[in-house]
Amino acid sequence: QSALAQPASVSGSPGQSITISCTGTSSDVGAFSYVTWYQQHPGKVPKLIIYDVSGRPSGVSNRFSGSKSGDTASLTISGLQPEDEADYYCSSYTGTHTYVFGTGTKVTVL
Amino acid sequence: VRLVESGGGVVQPGRSLRVSCAASGFSFTSHTMHWVRQAPGKGLEWVAVISYDGINKYYADSVKGRFTISSISRDSSTNTLYLQMNSLRPEDTAVYFCARATTIADGAGLDYWGQGTLVAVSS
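Just so it is clear, the structure is predicted and the values come from calculations on it, not from any experiment.

## Here we look at the state of the cysteines
One pass over the full model with this rule turns up two disulfides over all chains. Residue pairing for Cys22 of chain A: its cysteine sulfur links by disulfide to Cys90 of chain A, the two sulfurs lying 2.0 Å apart. When the S-S torsion is 80 degrees, as for the bridge of Cys22 of chain A with Cys90 of chain A, the disulfide is right-handed. Residue Cys22 of chain A is found in strand β2 (residues 18-23), and its partner Cys90 of chain A is found in strand β7 (residues 86-93); the two are separated by 68 residues along the sequence. Accessibility expressed as a relative area gives 0% for Cys90 of chain A, which makes it buried. Bridging Cys21 of chain B to Cys98 of chain B, the disulfide has an S-S length of 2.0 Å. Between Cys21 of chain B and Cys98 of chain B the sulfur-sulfur dihedral comes to about 55 degrees; the bridge is accordingly right-handed. Note that Cys21 of chain B is positioned in strand β3 (residues 17-24) and Cys98 of chain B in strand β9 (residues 94-101), a separation of 77 residues in sequence. Given a relative accessible area of 0%, Cys21 of chain B falls into the buried group.

Given below as structure tokens:
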């Protein structure tokens, strides 16, 4: 149950697009379409923004999109806005009824 | 939907503590429930999950054999989730969140989270 690997930080200017990677193994990310993404602002609770690799819950901006290729999932934020500055975590089902989170990525809007 | 954790505090290494999560506005029978923790200044760590019927329980390797997840449903709208933590270690220090999965299916995302309760393990 090693944490999924994410870049520690990603930055971009307002209006730009950024992509956060989430690398696992053939036992978790690569094996299932159960990758989720959460956004967490400082001092706040996590918010579900992507489920099942690319599903978007009602109310979540369509500027957030998810994808997966092999053992790596990705979250893309298009049209970056100041309110997108937060920590982002991926998570995957592991197949043994357990789950694993990513190491987290701090997004900075320049 | 409302999730409210309680029971956190300071505890000595090796001791036990039980944290609770009062859930309202939905039925446990339609959702799996999870505990997730976050050490101060660190990332999220999945801890445990319990099935919609309270029968199946699974744990992270880091807490297996020491922590027990359980739930009680008094009626369709008032439910309580528990995490019994034994043999606590300093590395268990974290804010403990309860979270609701969107469905009973494996892999479902967590759509509602409580505000968390802080557990500090220190002598």
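There is more to say, and it comes next.
## A short note on the pairing of β3 of chain B
Residue and element names in this part refer to chain B. Judged from the five bridges that link them, strand β1 (residues 2-6) and β3 form a sheet pairing that is antiparallel. Note on β3: the bridge partner recorded for Glu5 is Cys21. As paired strands, β3 and strand β8 (residues 78-85) are joined by eight bridges and run antiparallel to one another. Each bridged residue has a counterpart across the sheet, and for Leu17 the counterpart in β8 is Met85.

## Some words on unusual backbone geometry
All names here are of chain A. Located in the positive-phi region is Val53, a residue other than glycine, with phi close to 75 degrees. Along the polypeptide, Val53 turns up in the loop between β4 (47-50) and β5 (64-69). Taking relative accessible area as the criterion, Val53 reaches 11% and is therefore assigned buried. For His97, which is not glycine, the phi dihedral falls at a positive 65 degrees. Checked against the element boundaries, His97 lands in the loop between β7 and β8 (99-101). Using a relative accessible area of 29% as the deciding quantity, one classes His97 as partly exposed.

## Focus on the sheet that holds strand β7 (residues 67-73) of chain B
Residue and element names in this part refer to chain B. An order of β1-β3-β8-β7 is seen for the four strands of this open sheet, with the pairing classed as antiparallel. Of all strands in the sheet, those bounded by a partner on one side alone are β1 and β7. Strand after strand, the sheet turns through a mean of 15 degrees between neighbouring axes, direction not considered.

How each quantity is defined
Residues numbered from 1 in each chain as written. Chains lettered and ligands numbered in written order. Predicted model: local features only at pLDDT ≥ 70, side-chain atom pairs only at ≥ 80, totals over all residues. Heavy atoms only, no water. Disulfide = S-S within 2.5 Å. Helix = DSSP H or I, 4+ residues; strand = E, 2+ residues; numbered from the N terminus. Buried < 20%, exposed > 50% of the residue type's maximum accessible area, 1.4 Å probe, protein only. Pairing = 2+ DSSP bridges. Axes fitted to C-alpha atoms, helices over the stretch in contact; angles between N-to-C directions.

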